[in-house]
Amino acid sequence: MAPAAAATEVEVDAWAARDTSGHLSPFTLSRRATRPGDVKLKVLFCGVCHSDLHQIHNDWGNSIFPMVPGHEIVGEVTEVGSEVKAFKVGEIVGVGCLVNSCQNCDRCTRHLEQYCQMKVWTYTDKDYDGTITQGGYSTIMVCRQEFVLKMPTNLPLDAAAPLLCAGITVYSPMKHFQMDVAGKHFGVVGLGGLGHMAVKFGKAFGMTVTVFSTSPSKEKEACELLGADRFIVSKDPEQMKAAAGTIDYIIDTVSATHPLDPYLSTLKLDGKLVMVGIPQKPVSIHAFSLTSARRYVGGSGIGGIKETQEMLDFCGEHNITCMIEKIPISYINTAMERLGKSDVKYRFVIDIANSLKPED
Ligand code: NAP
Ligand code: ZN
């Protein structure tokens, strides 16, 4: 039998950024008492997304400090509220980028909670009860059951954690924009957390995959370990010219401001480029890059809860996980510095359970 829901708030160890310097250090936060519809979990692993880096520096202008980042959270259920039927104590679950939404609007009823105008992000947002949300760089999470995911039981949990953001953020547009067609040529711009998952999904969908990267050092791994068919150093105009008009669909995961024209020129007639990277400043497009070949540019944000579960199940069936560097929480400031220099292969994942203790 599940223990009775805790009647009071709990003090939780965490690491937080206090200001836009982005420096993270130990912090204590309160998690609410478990409500009838809540699931409480002991956090085991949390991925480090480039969005965490954007947010601790307030790149998007909406950051709230002190901030405990982290939205690729895997943990073990320690308590469920009286109304929770789908989750049990001891089960391994995930929480991604969302912890609340209205559940009523046309977006929520179409399982597109990520576009609900009243959605609540996992951290640096205000929840419906007025509290500020805090993320997974912490030992305990409490979350509405509607936003809790079931992790595939056959995947290593540390390498599966980044599926909750990096995985779904590329899977969702590949499905929605029909960029998952076997035999088609798929381009991935930026080989980081999101990009390496896009390569893996492209191969799982039977596509030919080209990686556009600014890091020549990533070529061997991209081709030999991730399965990419072609690697183009995007800073080399000759290599870019040789790729002109060869690609059907591109997913652009780049975190920094960059012109889209060089990538658009590699698309075929009717080619699509979908942006998932969110640089701080606007990106430029010359209209001619679109009009000359009836090309299309779109964008996409994470994925809904139903689709995230579908993606997790797909990864379980096809044995798809992320390539990770597992780190203790004490390494987080160095990890953030390296992430800012595109120096991670290909996602940092924090071993929360073994490294976030009070004495840290
Ligand atoms: P990441 O691991 O840092 O990967 C980004 C990659 O972009 C880098 O590894 C690098 O790849 C490339 N890059 C970096 N600077 C570049 C530059 N100046 N010019 C060209 N390429 C550059 O980051 P991530 O976690 O995958 O996130 C990527 C972006 O997606 C971030 O902006 C993040 O906030 C955003 N995001 C969006 C959503 C959404 O819902 N749409 C969800 C999650 C994250 P190479 O070394 O191969 O060039
Ligand atoms: Zn993310």
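Residues numbered from 1 in each chain as written. Chains lettered and ligands numbered in written order. Predicted model: local features only at pLDDT ≥ 70, side-chain atom pairs only at ≥ 80, totals over all residues.

### Side note on the overall build of the protein
Line of reasoning, step 1. Helix and strand content of the protein: twelve helices and 17 strands.
Line of reasoning, step 2. Relative to a compact globule of 360 residues, whose C-alpha radius of gyration would be 21 Å, the protein shows 20 Å and is just as compact.
Line of reasoning, step 3. Overall size of the protein, expressed as C-alpha extent along the three principal axes, is 65 × 40 × 35 Å.
Line of reasoning, step 4. Residues classed as buried in the protein amount to 49% of the 360 residues present.
Line of reasoning, step 5. Across the protein, the fraction of contacts at a sequence separation of at least 24, relative to all contacts at a separation of at least 6, is 68%. (Helix = DSSP H or I, 4+ residues; strand = E, 2+ residues; numbered from the N terminus. Rg over C-alpha atoms; globule rule 2.2 N^0.38 Å. Buried ≥ 20, exposed ≤ 12 C-beta atoms within 10 Å, placed from the backbone. Contact = placed C-beta atoms within 7 Å.)

### Describing helix α11 (residues 332-340)
Line of reasoning, step 1. When α11 is considered as a whole, its buried residues turn out to be I332, A335, M336 and L339. For α11, the arc enclosing every buried residue in end-on projection is 100 degrees, short of the 170-degree limit, so these residues lie on one face. In α11, the exposed positions that point more than 90 degrees away from the buried face belong to T334 and E337.
Line of reasoning, step 2. Against the buried residues of α11 lie β1 (10-17), β2 (24-31), β3 (38-48), α1 (50-56), β16 (324-327) and β17 (347-351).
Line of reasoning, step 3. Immediately downstream of α11, the backbone of S342 shows phi near 55 degrees, a positive value. (Arc of directions from axis to C-beta.)

### Re the nonpolar core
Line of reasoning, step 1. L163, V170, V188, V211 and I350 are the most contacted members of the largest nonpolar core, which has 104 residues in total.
Line of reasoning, step 2. Inspection of this core shows a minimum of three residues originating in each of domain 1 (10-165 + 304-355) and domain 2 (167-299). (Core = buried A, V, L, I, M, F, W, Y, C linked by C-beta atoms within 7 Å. Domains from an automatic or database assignment.)

### What to know about helix α5 (residues 193-204)
Line of reasoning, step 1. A rise of 1.5 Å per residue sets the reference length of α5, with its twelve residues, at 16 Å; its end C-alpha atoms lie 17 Å apart and thus fit the reference within 8%.
Line of reasoning, step 2. By the criterion of burial, α5 is predominantly enclosed, with ten of the twelve residues buried.
Line of reasoning, step 3. Inspection of α5 places G193, L194, G195, H196, M197, A198, V199, K200, F201 and G202 among the buried residues, and these make up the whole buried set.
Line of reasoning, step 4. One or two steps after α5, the chain reaches G206, where phi turns positive at roughly 80 degrees. (Expected span 1.5 Å × (residues − 1).)

### Focus on the pairing of strand β5 (residues 92-95)
Line of reasoning, step 1. As paired elements, strand β4 (residues 73-80) and β5 share four bridges and run antiparallel to each other. Across the sheet, the residue bridging to V74 is G94, located in β5.
Line of reasoning, step 2. Bridge analysis of β5 against strand β9 (residues 148-150) gives three bridges, and the strand direction is antiparallel. Of the residues in β9, the one forming a bridge with V95 is V148. (Pairing = 2+ DSSP bridges.)

### What about the domain arrangement of the protein?
How big an interface is tends to be reported as the loss of accessible area on association of its parts.
Line of reasoning, step 1. Examined at the domain level, the protein breaks down into domain 1 (10-165 + 304-355) and domain 2 (167-299).
Line of reasoning, step 2. The distance between the C-alpha centroids of domain 1 and domain 2 comes to 27 Å.
Line of reasoning, step 3. On the domain 2 side, the residues contacting the 22 residues of domain 1 number 17 residues.
Line of reasoning, step 4. Taken together, the elements giving at least two residues each to the side of domain 1 that touches domain 2 come down to α1 and α10 (305-318).
Line of reasoning, step 5. With five residues, α10 is the largest single contributor of residues to the side of domain 1 that touches domain 2.
Line of reasoning, step 6. The residue makeup of the side of domain 1 that touches domain 2, split by class, is twelve nonpolar, six polar and four charged. (Nonpolar A, V, L, I, M, F, W, Y, C, P; charged D, E, K, R; others polar.)

### Let's talk about the sheet that holds strand β11 (residues 208-213)
Line of reasoning, step 1. Pairing within the open sheet is parallel, and its six strands lie in the order β12-β11-β10-β13-β14-β15. Here the strands that pair on one side only, and so sit at the sheet edges, are β12 (230-233) and β15 (296-299). Each strand axis lies, on average, 20 degrees off the axis of its neighbour in the sheet, ignoring direction.
Line of reasoning, step 2. Relative to strand β14 (residues 267-275), strand β13 (residues 247-252) is paired through five bridges, and the arrangement is parallel. From the neighbouring strand, Y249 faces β14, where its bridge partner is K272.
Line of reasoning, step 3. Here α5 sits on the sheet in contact with β10 (185-189), β11 and β13, set at roughly 170 degrees to β10. (Axes fitted to C-alpha atoms, helices over the stretch in contact; angles between N-to-C directions.)

### Some details on the pairing of β16
Line of reasoning, step 1. Looking at chain direction, β16 and β17 are connected through four bridges and run parallel. In the sheet register, E325 faces β17, and the bridge partner there is F348.
Line of reasoning, step 2. With respect to chirality, the unit in which β16 leads through α11 into the neighbouring parallel β17 is right-handed. (Right-handed = clockwise from strand over helix to strand, strands pointing away.)

### Quick look at the environment of N62
Line of reasoning, step 1. Residue placement: N62 occurs in the loop between α1 and β4.
Line of reasoning, step 2. We classify N62 as exposed; it has 10 C-beta atoms within 10 Å.

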